[in-house]
Amino acid sequence: MAAHLSYGRVNLNVLREAVRRELREFLDKCAGSKAIVWDEYLTGPFGLIAQYSLLKEHEVEKMFTLKGSRLPAADVKNIIFFVRPRLELMDIIAENVLSEDRRGPARDFHILFVPRRSLLCEQRLKDLGVLGSFIHREEYSLDLIPFDGDLLSMESEGAFKECYLESDQTSLYHAAKGLMTLQALYGTIPQIFGKGECARQVANMMIRMKREFTGSQNSIFPVFDNLLLLDRNVDLLTPLATQLTYEGLIDEIYGIQNSYVKLPPEKFAPKKQGDGGKDLPTEAKKLQLNSAEELYAEIRDKNFNAVGSVLSKKAKVISAAFEERHNAKTVGEIKQFVSQLPHMQAARGSLANHTSIAELIKDVTTSEDFFDKLTVEQEFMSGIDTDKVNSYVEECIAQKHPLIKVLRLVCLQSVCNSGLKQKVLDYYKREILQTYGYEHILTLHNLEKAGLLKPQLGGRNNYPTIRKTLRLWMDDVNEQNPTDISYVYSGYAPLSVRLAQLLSRPGWRSIEEVLRILPGPHFEERQPLPTGLQKKRQPGENRITLIFFLGGVTFAEIAALRFLSQLEDGGTEYVIATTKLMNGASWIESLMEKPF
Amino acid sequence: MNRTKGDEEEYWNSSKFKAFTFDDEDDELSQLKESKRAVNSLRDFVDDDDDDDLERVSWGGEPVGSISWSIKETAGTSVSNHEGREQLKSRNSFSSYAPLPKPTSTYSLSSFFRGRTRPGSFQSLSDALSDTPAKSYAPELGRPKGEYRDYSNDWSPSDTVRRLRKGKVCSLERFRSLQDKLQLLEEAVSMHDGNVITAVLIFLKRTLSKEILFRELEVRQVALRHLIHFLKEIGDQKLLLDLFRFLDRTEELALSHYREHLNIQDPEKRKEFLKTCIGLPFSAEDSAHIQDHYTLLERQIIIEANDRHLEAAGQTEMFRKHPRKASILNMPLVTTLFYSCFYHYTEAEGTFSSPVNLKKTFKIPDKQYVLTALAARAKLRAWHDVDALFTTKNWLGYTKKRAPIGFHRVVEILHKNSAPVQILQEYVNLVEDVDTKLNLATKFKCHDIVIDTCRDLKDRQQLLAYRSKVDKGSAEEEKIDAILHSSQIRWKN
């Protein structure tokens, strides 16, 4: 079950159930016992919508990862390949099928393309002489995957690069398709707002797709009041800064993949009496992180500086709860205590894990280099000395710190200065090329094309205007009991989230000037509803806004939006969708040029 | 901890940054410790299985019953059955396969083409399509057994595109006139579906002459960008360069050509290729870098051949004592300079491998040069060279110590290379800023400097505090006591 998906205002389990149903229907088309051969990349996203038990109910008896040569033996009637439509995977499938035919009983082959079928892949299978072996060739459009009660992602790693570097709109098309699916399940969204070139295009696609479906009137009462489409390139700054929420830091340091994180095992060694320290595990400890875990739901979005006190309070509560056993005198009381034990033990396990994770993070955040890096980031974001060569960045290059770290800082400086002075830019470029290799010229060009690292044009720096108007830098930030979204970066309020906040109140008309400075058009569209479906809001009832980040979103931005949702007089609750959950490092990496 | 500022002080003086502070740090840490303690003590009296009531998770972390877990499980069980041996055998052959490449995107059609480089497998799709004009694009893919034939000859362009979008089988061959083909393309573009756009582009690429294709796409920017992306992905470099030339996008042309060198492994061939990049229409800045890239590889090839020979001969002490860990080929410039400062420090300027020659050829700034030479010489513990690096003589013959990078950084680098305290002390003393000097001296346990500085500052309190940090009964303690008892010093506190 995925109960945590139904905790929010919008029950995302409905979406999950819909995609599960589609999966079951496909499995039932292939009658009899089955084995699934997986494109390994897909197991992560699929894990978020189905467990093995679901597959087993539909006679899936064996599962393998897709690998060359021949398939492992399996006494089943059907072999189904679950794959992304990629040519190199077709080659492997063909190898599997061809070596299979030589052995014994004939079996039925099928292919399920995720998220879509591709003529070109089928052409490839045909060239390899195996296309005719497949009975069912279908697509499974897993566009938006529910991650949490208020979070959906397409997990499309290349989306930013394709949209902003290659101008390939395919992922926008899939975003629009995903939004159509959402509307089919949750009703037409009456108002669409947007900022940015890609946002404009997604809105156009949605309007066009809606026209094509005019035959069937959507009769579902709308759940969402607004849709806000935001281009990532409207706010290039936020992902470059180091996230300072608990979840954000876990992602920055260890990387969260499909809601799982892999951690160094030492801190998680079971400390039981008797086996004193032997058999330390060497494999990384893998933990699932989502709001199904009560403690994690409570601390994930806090500034890391506020996590320690919560953990220690929790520890006291749990200790006290366990102490209760001494007070249990009567059989009834003991019975009650015992009935609570499972819950208490779960809480204790969870506390133990997060205490260990917090310690691991603390080791990093208390290091001198982390402090220095953060200092420089915060100087840039508050507009200090962004037009000179920065000595910390220079030192990072001299000491050959990871290139991604250096690029992230240089890009941050460039964005906070509306581009670098030519002299400064040339200096950084030369240092980087001489220290890390000339071939990175290509990466630097990509960053320039994406607007991340560029010369200042016309000698005009717009960032101070944007910073002041949108109040991006807050001097008095309360990390423990925040009053503003700027707590997620200990001072910097994410631009993207500020735009969302201002849209809901007092409206974008108040910031027209800044909106004109930021790239791309801003717009508003209405999708008329039949009178019967128009919503009459109860007094005090919050609006629900679906905010879609085209090109990726960070955990810190998600935390800031959750903070706004929880404000008592906020008036708006957010459901967040994106092409990819990302951070500054994974983002820069996706823009680096590698051998093809 | 004060930041060491030195000669970059001007950048910092005006900084009123808001730092990310853990000001109640001890408190914070003790909180964590406290919860840790509580957790541990709880284990003492609840000694049943840890994971009992949480979701069951295998140690690898996948929840029991999850898909990735079950793949291991179900695949694992079949090993133990009667087919086990064969299973194992075939598994072993799998292990020779590299893991699947990480995707750049699950969605973009163009990313489907990355697979063509699988060694020795199949010719690239574009080859397949362009070299065999008789082969039609996806017209009659082998019929799946269960699918009935709903083939029709008179789909309009918009119907055709709609069908392609749904993944249905559809022939494009019927569109013979240029007008029909362009209408097909426009329909595809208006759907925004990259998969279909690319499919139509491949058809056009095959059936139209280059000139017409380029001319028509020049006025259709969306389709043009898809074609460029597609050509990049399938690696049709020739057509891509032709296209850039036609569009007069010279810098892209140059970069795109240069990018190819990444795929050339052989150093000689790579060098020759880089030579062809020189003079391409890069920006002025980039032109210089490309030229340097070529010159550097040219040098590295010479140095590598020479040093490999020397090392193999076993006659050179340097290579015997410090065998090379890796070849110098394709290493960045700074790494090459380090290598040359390590193995060829004393060579005359005339040789290609001498540091001075590298410095001149690539116009390496003083700072960069000194940093690198210092790191290399310190690693070899050649303290005399380190000393010489910072010694300058003025015209009267007096010597003076100067460091373009600031002595605080010299100290850090020496410390990293575990220089002895006497050496460190010498350079800590040269740090001008008193606070920085005191900090470094404390950090690296240069007791004399700490003590003398405190004395000079007349800072009795700090000296007292330092007394507790030195060993009992040591010479340092005696020295501190002597100063503390001296009547000649007017303490400021």
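Residues numbered from 1 in each chain as written. Chains lettered and ligands numbered in written order. Predicted model: local features only at pLDDT ≥ 70, side-chain atom pairs only at ≥ 80, totals over all residues. Heavy atoms only, no water.

K.L.:
Would you mind showing me how to read the UniProt feature "domain: Vps16 C-terminal" (unreviewed entry) in chain B here?
P.N.:
According to UniProt, the feature "domain: Vps16 C-terminal" (unreviewed entry) maps to residues 177–277 of chain B in the numbering used here. Each end of residues 177–277 of chain B is marked by a C-alpha atom, and these two atoms are 40 Å apart; helix forms 82% of the span and strand 0%. (UniProt positions renumbered as here; feature names shortened; annotations may be inferred. Helix = DSSP H or I, 4+ residues; strand = E, 2+ residues; numbered from the N terminus.)

K.L.:
Please explain the sheet that holds strand β14 (residues 543–550) of chain A as it appears in this structure.
P.N.:
Each strand in a sheet pairs with another by means of backbone hydrogen bonds, the pair being arranged parallel or else antiparallel. Residue and element names in this part refer to chain A. Strand order in this open sheet of 7 strands is β6-β7-β15-β14-β9-β8-β13, and the pairing throughout is mixed. If you trace the sheet from one side to the other, it starts and ends with β6 (145–148) and β13 (522–526), each paired once. Pairs of neighbouring strands in the sheet enclose a mean axial angle of 20°, with direction left out of account. Note that strand β9 (residues 226–231) and β14 share 6 bridges and pair parallel. Bridge assignment links D231 to a residue of β14, and that residue is L550. Strands β8 (191–195), β9, β13 and β14 of the sheet are contacted by helix α8 (residues 197–212), whose axis makes an angle of about 140° with β9. (Pairing = 2+ DSSP bridges. Axes fitted to C-alpha atoms, helices over the stretch in contact; angles between N-to-C directions. Contact = heavy atoms within 4.5 Å.)

K.L.:
Where do I start with the packing of helix α19 (residues 495–504) of chain A against helix α21 (residues 555–566) of chain A in this structure?
P.N.:
A pair of packed helices is captured by two measures, namely the crossing angle of their axes and the spacing between those axes. Residue and element names in this part refer to chain A. Across the interface, α19 lies against α21 with an axial gap of 9 Å and an inter-helix angle of 25°. One way to sum up the angle between α19 and α21 is to call them roughly parallel. Crossing of α19 against α21: the hand is right-handed. Between α19, through S496, V497, A500 and Q501, and α21, the contact on the second element is made entirely by E557, A560, L561 and L564. Across the contact of α19 with α21, the residue classes break down as 5 nonpolar, 2 polar and 1 charged. (Parallel < 35°, antiparallel > 145°, perpendicular 65-115°, else oblique. Left-handed = near helix turned anticlockwise from the far one by under 90°. Nonpolar A, V, L, I, M, F, W, Y, C, P; charged D, E, K, R; others polar.)

K.L.:
What is the right way to read the packing of helix α19 (residues 383–390) of chain B against helix α21 (residues 421–428) of chain B from this model?
P.N.:
Residues and elements named next belong to chain B. Close contact between α19 and α21 brings their axes to 12 Å; oriented N to C, the two are set at 5°. With respect to each other, α19 and α21 are oriented roughly parallel. Counting all contacts with α19, which are made through W383, V386, D387 and F390, the residues of α21 involved are I423, E426 and Y427. Looking at the contact of α19 with α21 residue by residue, the class counts come to 5 nonpolar, no polar and 2 charged.

K.L.:
Could you clarify how one ought to interpret the sheet that holds strand β5 (residues 134–139) of chain A in this entry?
P.N.:
Residues and elements named next belong to chain A. With parallel pairing, the 5 strands of this open sheet are ordered in space as β2-β1-β3-β4-β5. Of all strands in the sheet, those with a lone pairing partner are β2 (60–65) and β5, marking the two edges. Recorded for the sheet is a direction-independent mean angle of 20° between the axes of neighbouring strands. Helix-sheet contacts for helix α2 (residues 40–47) involve β1 (34–38), β2 and β3 (78–83), and the interaxial angle to β1 is about 110°.

K.L.:
Looking at this model, I keep getting lost on the confidence of the model for chain B. Mind explaining?
P.N.:
The predicted structure's coordinates, where accompanied by low pLDDT, should not be read in detail. All names here are of chain B. Confidence along chain B averages 75 in pLDDT terms, with 69% of residues attaining 70 or more. The low-confidence segment residues 1–26, where pLDDT is below 50, has 60 contacts with residues more than four positions distant or belonging to other chains. Here the predicted complex carries an ipTM of 0.86, next to a pTM of 0.83. (pLDDT = per-residue confidence, 0-100.)

K.L.:
Explanation requested: the pairing of strand β4 (residues 108–113) of chain A in the structure shown.
P.N.:
Regular strands show a simple pattern: their side chains alternate between the two faces of the sheet. All names here are of chain A. Extensive coverage of β4 is indicated by the burial of 5 of its 6 residues. Strand direction decides the pairing type here: β3 and β4, joined by 6 bridges, are parallel. Paired with I79 across the bridge in β4 is F109. Across 5 bridges, β4 lies against β5 in parallel orientation. Counterpart to I111 in the pairing with β5 is R137. Taken together, β4, helix α5 (residues 119–127) and β5 form a β-α-β motif whose crossover is right-handed. (Buried < 20%, exposed > 50% of the residue type's maximum accessible area, 1.4 Å probe, protein only. Right-handed = clockwise from strand over helix to strand, strands pointing away.)

K.L.:
Got a minute to help me understand the side chain of A:E122 in this structure?
P.N.:
By the secondary structure assignment, A:E122 is in helix α5. A polar contact is formed between the side chain of A:E122 and the side chain of A:R137, at a distance of 3.4 Å. (Polar contact = N/O pair within 3.5 Å; in protein donor to acceptor, adjacent residues only side chain to side chain.)

K.L.:
Where do I start with the packing of aromatic side chains in this structure?
P.N.:
Each aromatic ring pair is summarised here by two numbers: the centre-to-centre distance and the angle between the ring planes. For the structure shown, the criterion picks out 25 aromatic pairs over all chains. With a centroid separation of 5.6 Å and 50° between ring planes, the pair formed by A:F46 and A:F82 is classed as tilted. Placement of A:F46 in helix α2 and of A:F82 in strand β3 is noted, with a sequence separation of 36 residues between them. Judged on exposure class, the residue A:F46 and its partner A:F82 are both buried. Aromatic pair B:F319 and B:Y343: ring centres 4.8 Å apart, planes at 15°, arrangement stacked. Within this pair, whereas B:F319 is found in helix α15 (residues 317–321), its partner B:Y343 is found in helix α16 (residues 333–343), the two being separated by 24 residues in sequence. Accessibility classification places B:F319 together with B:Y343 in one group, the buried group. (Phe/Tyr/Trp six-rings, centres within 6.5 Å; stacked < 30°, edge-to-face > 60°.)

K.L.:
Help me understand the pattern of salt bridges, please; the structure alone is not making it clear to me.
P.N.:
When the charged atoms of two side chains with opposite charge come close together, those side chains can pair. Residues and elements named next belong to chain A. A complete count under the given rule lists 56 salt bridges over all chains for this structure. As a salt-bridge pair, R526 and E524 come within 3.3 Å of each other at their nearest N and O atoms. The class for R526 is exposed, based on a relative accessible area of 59%. (Salt bridge = Lys/Arg side-chain N within 4 Å of Asp/Glu carboxyl O.)

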